[in-house]
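# Tertiary structure, described
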Amino acid sequence: MMPVAIIGAGIAGLACARRLAESGVHAVLFDKARGVGGRVATRRAEGLQFDHGAQYVTARDREFATLLGTLEKQGAVGAWQDGGGPGRWVGVPGMSALPKALGVGLDVRLNQTVTALIRQSDCWQLQLAGTTVEAARVIVTVPAPQALSLLGESHPLSAALRSVAMAPCLTLMAATRQGAAPFTVREDPAAPLAWIACNSSKPGRAGGAIETWVAQAGPDFSTEHLEQDPKAIADLMLSLLCEELGVGLDAVTYAAVHRWRYARVTSPLGQPFLRSDDATLFLGGDWCLGARVEAAWTSGIAMAEEWLALR
Ligand SMILES: Cc1cc2nc3c(=O)[nH]c(=O)nc-3n(C[C@H](O)[C@H](O)[C@H](O)COP(=O)(O)OP(=O)(O)OC[C@H]3O[C@@H](n4cnc5c(N)ncnc54)[C@H](O)[C@@H]3O)c2cc1C
């Protein structure tokens, strides 16, 4: 039996596993995706790349700032000078470089969707496609609504999970022939495209004759259009982007949309994690503290420290 299984290899899961590993505890991470990082992600297509999830990272906590400094020395993160504000760090050459660096040396099992989590008399059973694994303790770091599906409505921690609200985000990735970009970043929470960034203005991105753009719709627009056909969403967002950039559709060489169903927590739990009374189940992630990468990291570290204290 595994001493600890972690569901989700986003920032919270990775932070938790790293802190456990520093104390000699071997955790096994299961993630349904092809790579680590969750919402800290980079999409590659047609020789282009886009940070279609988290745009940048900021550090308020000294320990997290020290970690970013270490990753900068390794070349995995860099300061985004044109990022529209001070202290904005990005993964290099893409945001996914950050979680990849955090995952080095950890036991991560990718393409593994946990479909059910069942309490047995002496362990937790994780159901995966075609197999099951058993773990003495389980740390769940998936978004709160997905954690609720895994645990079931009747679990004692479900009421707390239900109190968390998360908003979707439709994200457009587009490439244009290089022109005079009117800005590198434009933030306007009230606009349908609440965030527009020139992805190719980030450090370490390949330059050239093409500019890449990431545009995120605000929560109202995202909720309204979430279930529409991706092509229709892309067309709609693309026309808004072209208007903002002052270019015609003929300047666009690539466009695609990504639908983040649980993008940002709008009503967080207000504490770093949840724990079952018998201390065999921990639930955490950004949804505990706020819609930031650092919040996910803080939650993951807090769960590891509680786990170690209870050992
Ligand atoms: C569009 C967008 C823009 C953002 N911009 C910023 C920003 O600029 N700055 C910032 O600080 N934050 C930003 N954020 C928020 C930031 O990305 C998150 O706060 C953070 O990445 C959350 O990390 P996490 O580990 O809690 O969750 P996640 O990253 O969601 O990780 C959960 C992991 O669990 C896996 N998983 C889910 N279900 C299962 C299952 N059943 N079985 C196995 N694996 C499963 C997923 O594949 C995922 O890897 C943004 C988010 C989005 C979506």
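Cut-offs used in this document
Residues numbered from 1 in each chain as written. Predicted model: local features only at pLDDT ≥ 70, side-chain atom pairs only at ≥ 80, totals over all residues. Heavy atoms only, no water. Near = heavy atom within 4 Å. Areas by Shrake-Rupley, 256 points an atom, 1.4 Å probe, with all protein chains shown as cover. Helix = DSSP H or I, 4+ residues; strand = E, 2+ residues; numbered from the N terminus. Nonpolar A, V, L, I, M, F, W, Y, C, P; charged D, E, K, R; others polar. Domains from an automatic or database assignment. Pairing = 2+ DSSP bridges. Axes fitted to C-alpha atoms, helices over the stretch in contact; angles between N-to-C directions. Contact = heavy atoms within 4.5 Å. Buried < 20%, exposed > 50% of the residue type's maximum accessible area, 1.4 Å probe, protein only. Polar contact = N/O pair within 3.5 Å; in protein donor to acceptor, adjacent residues only side chain to side chain. Buried area = accessible area lost by both parts, 1.4 Å probe. Core = buried A, V, L, I, M, F, W, Y, C linked by side-chain atoms within 4.5 Å.

## Let's talk about the site of the ligand
In the vicinity of the ligand, 36 residues are found, and the nearest of them are Asp-31, Arg-39, Tyr-56, Asp-286 and Val-293. Across the complex, the protein chains shield 94% of the 1000 Å² of accessible surface that the ligand would expose by itself. Elements with a minimum of two residues in the shell around the ligand: helix H1 (11-22), strand S11 (165-177), strand S15 (252-267) and helix H8 (293-310). Its residues placed into classes, the shell around the ligand shows 16 nonpolar, 14 polar and 6 charged. Viewed by domain, the shell around the ligand spans two of them, domain 1 (2-36 + 103-164 + 268-310) and domain 2 (42-95 + 165-267), each represented by three or more residues.

## Some points on the sheet that holds strand S14 (residues 210-217)
Taken together, the 5 strands give an open sheet; going across it, the order is S12-S13-S14-S11-S15, and neighbouring strands pair in antiparallel fashion. Because the sheet does not close on itself, it has two edges, and the strands there are strand S12 (185-187) and S15. Mean inter-strand twist for the sheet, computed between neighbouring axes without regard to direction, equals 15°. In this sheet, S14 lies alongside strand S13 (residues 193-198) in antiparallel orientation, the contact comprising 5 bridges. Looking across to S14, one finds that Leu-193 is bridged to Ala-217. Its contacts with the sheet put helix H7 (residues 230-245) on S11, S12, S13, S14 and S15, and the angle it makes with S11 is roughly 65°.

## Quick look at the side chain of Arg-19
As for its position among the elements, Arg-19 is in helix H1. Take Arg-19: its relative accessible area is 13%, and that puts it in the buried class. Among the polar contacts listed, one links the side chain of Arg-19 to the side chain of Glu-305, at a separation of 2.3 Å. Not counting residues up to four positions away in its chain, the partners in contact with Arg-19 are Glu-63, Ile-301, Ala-304, Glu-305 and Leu-308.

## Some remarks on the domain arrangement of the chain
By a widely used convention, the size of an interface equals the accessible area lost when the partners come together. Segmenting the chain into domains produces domain 1 (2-36 + 103-164 + 268-310) and domain 2 (42-95 + 165-267). The gap between the C-alpha centroids of domain 1 and domain 2 is 28 Å. Each partner contributes to the interface: domain 1 provides 18 residues, whereas domain 2 provides 17 residues. Both sides of the domain 1 and domain 2 interface together cover about 1400 Å² of buried area, and 64% of this is carbon and sulfur. Interface area lost by domain 1 to domain 2 is led by Arg-292, Glu-294 and Trp-297, which between them contribute 37%.

## As for the pairing of strand S10 (residues 131-140)
In terms of strand pairing, strand S1 (residues 2-7) meets S10 through 5 bridges, oriented parallel. Considered in S10, the bridge of Ile-6 is made with Ile-139. Hairpin remark: strand S9 (residues 124-128) followed by S10, antiparallel, with 2 residues in the connecting loop; positive phi at Gly-130, about 80°. Relative to strand S17 (residues 281-284), S10 is paired through 3 bridges, and the arrangement is parallel. Counted as the bridge partner of Val-140 is Leu-283 from S17.

## Considering the nonpolar core
Here is a general trend for soluble globular proteins: nonpolar side chains tend to be buried in one another's company. Counting 45 residues, the largest nonpolar core has Ile-6, Leu-20 and Ile-139 as its most contacted members. Sorting the residues of this core by element identifies S1, H1, strand S2 (27-30), helix H2 (62-73), helix H3 (97-102), S13 and H8 as the ones contributing at least two each. Take this core: its biggest share by element is 9 residues, from H8. In terms of domain composition, this core takes at least three residues from each of domain 1 (2-36 + 103-164 + 268-310) and domain 2 (42-95 + 165-267). Apart from the residues within four sequence positions on either side, Ile-139 is in contact with Val-4, Ala-5, Ile-6, Ile-7, Cys-16, Leu-20, Phe-282, Met-303 and Trp-307. Of all hydrophobic cores here, the second largest spans 31 residues; its members include Met-2, Val-133, Leu-148 and Leu-269.

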